[in-house]
Every structure is written in structure tokens, then in C-alpha cells.
Amino acid sequence: MPDVVQTWGNEMNKTLAGMSALAAALELATPAHASIPLLNATCPGNIEVHADQGGPVYINGKEGALKKFNDNYFEIKGAGVTISLSINPDGSPSVSYTGKGGANGICSVKAS
């Protein structure tokens, strides 16, 4: 009887491991723009950023490639720059950019 219990326990562990992997995969499959607020920002170097509520995000009028790191931090690439969008604990957005040759700075978020 102990062999049956041990075999059942091993099968249960495999099933739980498979379910955990499936849950992780589903989490990764969620839209990357789930928490993006409506915003407009101006960055040094005449870089304009616009995001619709929930995404997408545009850099100088063109849709950027969005990567979600967590519900409070995103990076958007396009037009030769990377835009960093973070959501502060109070819900307000902070935007900064990194460009070619080490150019970087804080962007001014306009009232939406």
C-alpha cells in the first residue's frame, strides 16, 4: 500500500507542477498594456509620447514596441529611443527616455 500512496503522491506533484507552469504561461500571455494610463509627455530632443488608456503607446506619432515588466513599469521602444513609463504608488505616471549616444532625461507629463 505505501507504494500506491507514493506513486499517487508523485503523480500529484507532477500535476501541480504542470498547473503552475500553465498559470505562469497564461500570466505572460496577458496583454502588455493592461495598466497603461492615458497620458501625453514631452521629452528633451523634441520627443513626444502619447499613450491611450490601456495602450498602445506612440513615440512621435508612431506606435512603439511595448514591454511590460510588471503592472507599474513599462518600456516602449521606437524612433531610436526607449521610453520608460512607471506608475507611482499614487497612480500618477513618470516618464523618462534614453536615446542614442547616452542621451537621457526626464519627460514632462502634461495634464490629460
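None of the values given here were measured: they were computed from a predicted structure.

S.K.: Now, about unusual backbone geometry: what can you tell me, with residues and values included?
M.R.: Cis geometry marks the peptide bond from G55 to P56, where omega comes out at 0°. In this fold, P56 is placed in the loop between strand 2 (47-51) and strand 3 (57-59). One non-glycine residue, N46, adopts positive backbone phi at about 60°. Of note, N46 is situated in the loop between strand 1 (39-43) and strand 2. On the basis of relative accessibility, which here comes to 69%, the residue N46 falls in the exposed class. Although it is not a glycine, A79 adopts a positive phi angle of roughly 55°.

S.K.: Pulling in residues and values, what's your account of the pattern of salt bridges?
M.R.: One pass over the full model with this rule turns up 2 salt bridges. For the salt bridge of E48 with K110, the shortest nitrogen-to-oxygen distance reads 3.2 Å. With E48 in strand 2 and K110 in strand 10 (residues 108-110), this residue pair connects regions lying 62 residues apart in the sequence. Assessed through its relative accessible area of 40%, K110 is described here as partly exposed.

S.K.: Can you explain the environment of D71? Please cite residues and give values.
M.R.: On the secondary structure map, D71 appears in the loop between strand 5 (65-70) and strand 6 (73-78). What makes D71 partly exposed here is its relative accessible area of 45%. Each C-alpha atom, one on D71 and one on I36, is 8.5 Å from the other, the two residues being 35 residues apart in sequence. Those residues in contact with D71, other than ones at most four positions away along the chain, are S35 and I87. A distance of 2.7 Å separates polar atoms of two side chains, one belonging to D71 and the other to K68.

S.K.: So, the packing of aromatic side chains: which residues are in play, and what are the values?
M.R.: Per the counting criterion, the structure on display carries 1 aromatic pair. Aromatic side chains F69 and Y73 sit 5.3 Å apart centroid to centroid with 55° between the ring planes, which places their arrangement in the tilted category. Under the relative-accessibility criterion, F69 is labelled partly exposed at 42%. Y73 gets classed as partly exposed once you look at its relative accessible area, which sits at 25%.

S.K.: Before we move on, could you go through the sheet that holds strand 3 and cite the residues and values that matter?
M.R.: Spatial ordering of the open sheet is given by 4-3-2-1-10, a layout of 5 strands whose pairing is antiparallel. With partners counted over all chains shown, the strands left at the sheet margins are strand 4 (62-63) and strand 10, one partner each. Relative to strand 4, strand 3 runs antiparallel, the two being bridged by 2 bridges. Counterpart to I59 in the pairing with strand 4 is K62.

What counts, and where the lines are drawn
- Residues numbered from 1 in each chain as written.
- Predicted model: local features only at pLDDT ≥ 70, side-chain atom pairs only at ≥ 80, totals over all residues.
- Heavy atoms only, no water.
- Helix = DSSP H or I, 4+ residues; strand = E, 2+ residues; numbered from the N terminus.
- Buried < 20%, exposed > 50% of the residue type's maximum accessible area, 1.4 Å probe, protein only.
- Salt bridge = Lys/Arg side-chain N within 4 Å of Asp/Glu carboxyl O.
- Contact = heavy atoms within 4.5 Å.
- Polar contact = N/O pair within 3.5 Å; in protein donor to acceptor, adjacent residues only side chain to side chain.
- Phe/Tyr/Trp six-rings, centres within 6.5 Å; stacked < 30°, edge-to-face > 60°.
- Pairing = 2+ DSSP bridges.

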